[in-house]
Amino acid sequence: MSPFGRGSRRESRDASVAGAVRLSLSRTARRAGLFCLLLILLLLINCSRVQVVRSKGYDDNPANQRATLARYAQPRGDILVGGRAVTGSRATGGTFDYVRTYTAGPLYAPVTGFSSQTYGNTLLEGVEDGVLSGTDSRLAGFALLNAITRDPVPGGKVLTTINAKAQQAAFAGLGGKRGAVAAIEPATGRILALASTPSYDPGSIAGTGSATVAAWSALNARATQPMLNLALRQTYPPGSTFKIVTASAALTDGVVDGIDTPTDSPDPYTPSDTTTPITNESAADACQNATLRYAMQVSCNTVFAKLGDDVGEAGMVRIAQAFGFNQSAQTIPVGVVPSVFDTSMTGQAFLALSSIGQYNTAATPLQMAEVGAAVADNGTLMQPQLVASVTRSDGRQVQGFTPRTFGQPISPTVAAELQQMMVNVVTNGTGTNAAIPGAVVGGKTGTAQNGVNNSGTPYAWFVAYAKPSPTAASPVAVAVVIEDSNATRADVSGGGLAAPVARAVMQAVLNG
């Protein structure tokens, strides 16, 4: 055989072996590549599962401190009163870079609430937390750029409607007593004062550690509940201040012809479904068949109890709800507990008591300030609001708040009659302690029963409005309630305790 033939066969075998090796290597490489691709796909799937499906679980995990560290890595935005910050931030040098601080903390605590690294946020610190912490999307000038660079957005500012002088007057007037004040600008619904005493310093619970825990425990242990906002979150029987609502119903439904027409009201008045009479505080008051003007002046229980029965449950419920009672979700934007006028009473006796602010009738101070504001604004009730605007850190506005009408509970004619009656209360009746020289002041006192069979010290109420002249618009309406367990029963009255506080707040607003 030719040597060339043997070489060709050997080369052919070598080529076949090399081809087989290359084919084997190619298959191995493909398999390895497919396996790597599978691993990459599995990795992508797991990343998606972690970042999308399970992200909320990781974000909400108490062990995840990234969001908390980021929250306190920069100063918190401020809450402002009259253009001045009443909050601030302080560098800690600790795990959390900054902690919340408060200027005149107890004075503005019923407005700001607290922002605590341990216990969370309340009131404006809570509802406006996104703005103040810088996480609200409206604050970012270039949202996409911020998302890419992850640069923190400075906290925004919350400008309140509070009048600093009125707020100071409210706290000074309440002094050491447990009570509350709510003041409103009738034409706009802007809340001018919101006081609750005794108060507390939000800065004492703003941080972390044993001192914060001890301060929190001490505040919660106090029987006076200093962290409870009495102006927004506590209801009381409004007592005789509710007679404003009952008079509104009687005049609106035509149960009485006018405020100087004698009413058909015996003294005492005994509803048909009971043998227990309703009486007046003083037997010397001529309440039998008294006119509305006089009945409001001396606060005749018998007249208004009888009028409530004459109007009927449906009419009383309608007018009470028109004034704002029984709202289930009122916000200012802070949440306010509902004030209540019973819609399912079982007889005349209960309706009569409800119509003089007793039985199940219950109101927040803010609600009774709304009643006074509606009367002062010629029958129009505006939505109360605590925030004037929200801005970025540089002052550029991201949200403004315009006045909104809640409703028209009474006509201008009825409002004018109520104004006459309330002015007469201050001029000649139980509310003389609210008089302001040179101003027109209308008001209504109230002494609400407290405890079983009125065994507790009554609550002292006063609802009022003031204006600089008879033809001017009223810049302020106010409600004051005082719980004073240290006073004797003879000393507790809306005119004696609450009216001077209302006067001080109204005067602060009138004086600018």
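Residues numbered from 1 in each chain as written. Predicted model: local features only at pLDDT ≥ 70, side-chain atom pairs only at ≥ 80, totals over all residues. Heavy atoms only, no water.

Draft legend 1. Representation of the packing of aromatic side chains. Applying the stated criterion to the full structure yields eight aromatic pairs. Residues Y119 and W216 carry aromatic rings whose centres are separated by 3.9 Å and whose planes lie at 10° to one another, so their mutual orientation is stacked. In this pair, Y119 is assigned in the loop between β5 (115-116) and β6 (120-121) and W216 in helix α9 (residues 210-221), connecting sequence segments 97 residues apart. Considering the side-chain rings of F242 and F325, the 5.5 Å spacing of their centres and the 90° angle between planes classify their relative orientation as edge-to-face. Here F325 lies in the loop between α14 (313-322) and β10 (330-331) and F242 lies in the loop between α10 (230-233) and α11 (243-252), a separation of 83 residues in the sequence. Counting every residue linked through ring pairs, the aromatic cluster contains F114, Y119 and W216. (Phe/Tyr/Trp six-rings, centres within 6.5 Å; stacked < 30°, edge-to-face > 60°. Helix = DSSP H or I, 4+ residues; strand = E, 2+ residues; numbered from the N terminus.)

Draft legend 2. Region of the structure containing the sheet that holds strand β9 (residues 191-197). Across the sheet, five strands lie side by side as β9-β8-β18-β17-β16; this open sheet has antiparallel pairing. With partners counted over all chains shown, the strands left at the sheet margins are β9 and β16 (440-448), one partner each. On average, adjacent strands in this sheet sit at an angle of 10° to one another, irrespective of strand direction. Across seven bridges, the pairing between strand β8 (residues 178-184) and strand β18 (residues 476-483) is antiparallel. Directly across from V181, in β18, lies its bridge partner V480. (Pairing = 2+ DSSP bridges. Axes fitted to C-alpha atoms, helices over the stretch in contact; angles between N-to-C directions.)

Draft legend 3. View of α9. Given a rise of 1.5 Å per residue, twelve residues ought to cover 16 Å, and the 16 Å separating the end C-alpha atoms of α9 matches this to within 8%. Regarding α9, the residues found buried are T212, A215 and L219. Projected down its long axis, α9 carries its buried residues within an arc of 65°, all on one side. The exposed set on the far side of α9, more than 90 degrees from its buried face, consists of S210 and A221. (Expected span 1.5 Å × (residues − 1). Buried < 20%, exposed > 50% of the residue type's maximum accessible area, 1.4 Å probe, protein only. Arc of directions from axis to C-beta.)

Draft legend 4. Structural detail: the environment of R404. Within the secondary structure layout, R404 lies in the loop between β14 (397-400) and β15 (405-407). Taking the C-alpha atoms as reference points, R404 and T188, separated by 216 residues in sequence, lie 7.4 Å from one another. In this structure R404 touches M382 and Q383, once residues within four positions along its chain are discounted. (Contact = heavy atoms within 4.5 Å.)

Draft legend 5. How the structure looks around the state of the cysteines. Counted by the stated rule, this structure contains one disulfide. Covalently, C287 is tied to C300 through a disulfide, its sulfur atoms 2.1 Å apart. Its torsion about the S-S bond being -80°, the disulfide of C287 and C300 is classed as left-handed. Pair noted here: C287 is in the loop between α11 and α12 (292-298) and C300 is in the loop between α12 and α13 (301-311), with a separation of 13 residues, a long-range link. Comparing C287 with C300, the two get one shared label, buried. (Disulfide = S-S within 2.5 Å.)

Draft legend 6. Representation of the sheet that holds β14 in the model. Judged by pairing direction, the sheet is mixed, and its five strands sit side by side in the order β2-β1-β7-β13-β14 without closing on themselves. The open sheet terminates on both sides in strands that have one partner only, identified here as β2 (84-85) and β14. For strand β1 (residues 79-81) and β2, the ladder comprises two bridges, and the chain directions are antiparallel. Residue pairing for β2: V81 is matched across the bridge by R84.

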